Amino acid sequence: MTNRRNPFASSETPTVPPSIYDSLRVAEERTRNRQWERAHQNQKVVYRGVDPKLAIKVKNIASELRVPEGEAARAVIEHALRDYERGELDLNPRPDPERMRMTLYPSSDSPRFSGHAKKSARRKHARTGWRVVTTWRGFPPELKRELSARASDAGLNVPIGELINALLRYGLRSYETGLLKLEAVPTATTFTLALKGQK
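Every value quoted in this text rests on a predicted model; they were computed, and no experiment measured them. Note on numbering: residues in each chain are counted from 1, in written sequence order. Selection of residues for local features in this predicted model requires a pLDDT of at least 70, selection of side-chain atom pairs for listing and counting requires 80 or more, and totals for whole chains, interfaces and linings are taken over all residues. Side-chain figures throughout are based on the complete set of non-hydrogen atoms in the structure, without hydrogens or water.

As for the overall build of the protein chain
No. 1: Within the protein chain, the secondary structure is distributed over 6 helices and 4 strands.
No. 2: Every helix listed is a DSSP run of H or I at least four residues long, and every strand listed is a run of E at least two residues long, numbered separately from the N terminus. Element order for the protein chain, N to C, with α for helix and β for strand: α-α-β-α-α-β-β-β-α-α.
No. 3: Looking at the protein chain residue by residue over its 199 residues, the buried ones come to 25%.
No. 4: Any pair of residues with heavy atoms lying within 4.5 Å of one another is described as a contacting pair. Sequence separation of at least 24 residues holds for 74% of the intrachain contacts in the protein chain that already meet a minimum separation of 6. Burial classes: relative accessible area under 20% of the type maximum marks a residue as buried, over 50% as exposed, and values in between as partly exposed (1.4 Å probe, protein chains only).

Concerning unusual backbone geometry
No. 1: Although it is not a glycine, Arg-66 adopts a positive phi angle of roughly 60°.
No. 2: For Arg-66, the position within the fold is in the loop between helix 3 (52-65) and helix 4 (69-86).
No. 3: Residue class for Arg-66 comes out exposed when judged on its relative accessible area of 76%.
No. 4: Positive phi values are uncommon outside glycine, yet Asn-157 reaches one of about 60°.

Brief notes about the packing of helix 3 against helix 4
No. 1: Angles run from 0 to 180 degrees between N-to-C directions of axes, and those axes are lines fitted to C-alpha atoms, restricted for helices to the stretch in contact. Between helix 3 and helix 4, whose axes approach to 8 Å, the crossing angle comes to 115°. Judged on the interaxial angle alone, helix 4 and helix 3 are roughly perpendicular. In the packing of helix 3 onto helix 4, the handedness of the crossing is right-handed. Between helix 3, through Val-58, Lys-59, Ile-61 and Ala-62, and helix 4, the contact on the second element is made entirely by Glu-69, Ala-72 and Ala-73.
No. 2: Each residue is assigned to one of three groups, with Ala, Val, Leu, Ile, Met, Phe, Trp, Tyr, Cys and Pro labelled nonpolar, Asp, Glu, Lys and Arg labelled charged, and all others, Gly among them, labelled polar. Tallied by class, residues from the contact of helix 3 with helix 4 come to 5 nonpolar, no polar and 2 charged. Just so you know how the angles are binned, under 35 degrees is roughly parallel, over 145 roughly antiparallel, 65 to 115 roughly perpendicular, and the rest oblique. Left-handed is the label given to a crossing in which the near helix is rotated counterclockwise from the far helix by less than a right angle, and right-handed is the label when the rotation is clockwise.

Quick notes on the environment of Pro-140
No. 1: Looking at the secondary structure, you find Pro-140 in the loop between strand 4 (133-137) and helix 5 (141-151).
No. 2: Separated by 66 residues in the primary sequence, Pro-140 and Arg-74 place their C-alpha atoms 8.9 Å from one another.

Points about the packing of aromatic side chains
No. 1: Pairing of aromatic side chains here covers Phe, Tyr and the six-membered ring of Trp, requires ring centres within 6.5 Å, and sorts the geometry by plane angle: under 30 degrees stacked, over 60 edge-to-face, intermediate tilted. The final tally for this structure, using the stated rule, is 1 aromatic pair.
No. 2: Taken together, a centroid distance of 6.0 Å and an interplanar angle of 5° make the contact between Trp-136 and Phe-139 stacked. Residue Trp-136 shares its accessibility class with Phe-139, and that shared class is buried.

Re the pattern of salt bridges
A side chain of one charge can pair with a side chain of the opposite charge if their charged atoms are brought near each other.
No. 1: The term salt bridge refers to a side-chain nitrogen of Lys or Arg lying within 4 Å of a carboxyl oxygen of Asp or Glu. Counted under the stated rule, the structure contains 7 salt bridges.
No. 2: Among the ionic pairs, Glu-78 bridges to Arg-74, the shortest N-O distance being 3.1 Å. Here Glu-78 and its partner Arg-74 are both found in helix 4, 4 residues apart, which amounts to about one turn of the helix.
No. 3: When salt bridges with common partners are traced through the structure, they connect Asp-83, Arg-86 and Glu-88 into a single cluster.

Note that every value here comes from positions in space, so none of it alone points to a role or purpose.
In C-alpha cells form, the structure reads like this:
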C-alpha cells in the first residue's frame, strides 16, 4: 500500500459557524464613523424626478474630469442659473391639468402624453418619474435655497425636479457645444513632518 492521503477522509474537526448573536455583537463594535457626513449634511441635496440620462451625463463629466459628481452638477446648474438671470434661458411654466402646480414641459413633450392609445379608466397607471431619486454632495446652502426659492410658489411654482431637469438640460447642452468650459483644478494637499536623523 502507498502512503497516500485519502481525499474523502477529513482529519480536521468540523468548524462551527458563529452564532448570530456573536456576529451582531461584532458588527456593533465596528460601526463606521459618520462624523464627516454629519458635519457636511447641509451640502447634500436629494432631488426627485431628475432624468436619469441627465444624471448619467453629469456622472460621465465628473469621471472624465476626475471630480466629485456634485461639483460637476453644481457647475452645470450654476451656469444655467446665470444664463437664466441674464435672460438667455427662458423658463416659462404652463398650467398642468393633472396637478395644482405649473409645469415647464408642454403636454406634447411630456412622457405621459406620448401619443399612445388611452387605457381604460379603471386601470390607473402611476407616474414613476418622481420615484427616481438623485443625490449629490458639495452644494452650498445658498445654492440649495436659491433653487428651492425658484421652484416655490413665489417663484416659478413648479416641482423642483422639473427645474433641475431644465437647468441640467440647458447646462449640459452648453457644455457639449463648448459654451461652458469645465476645468479640473488640483486641490491643495497637506504635508506631514518626517523626523530625520533619528534611529
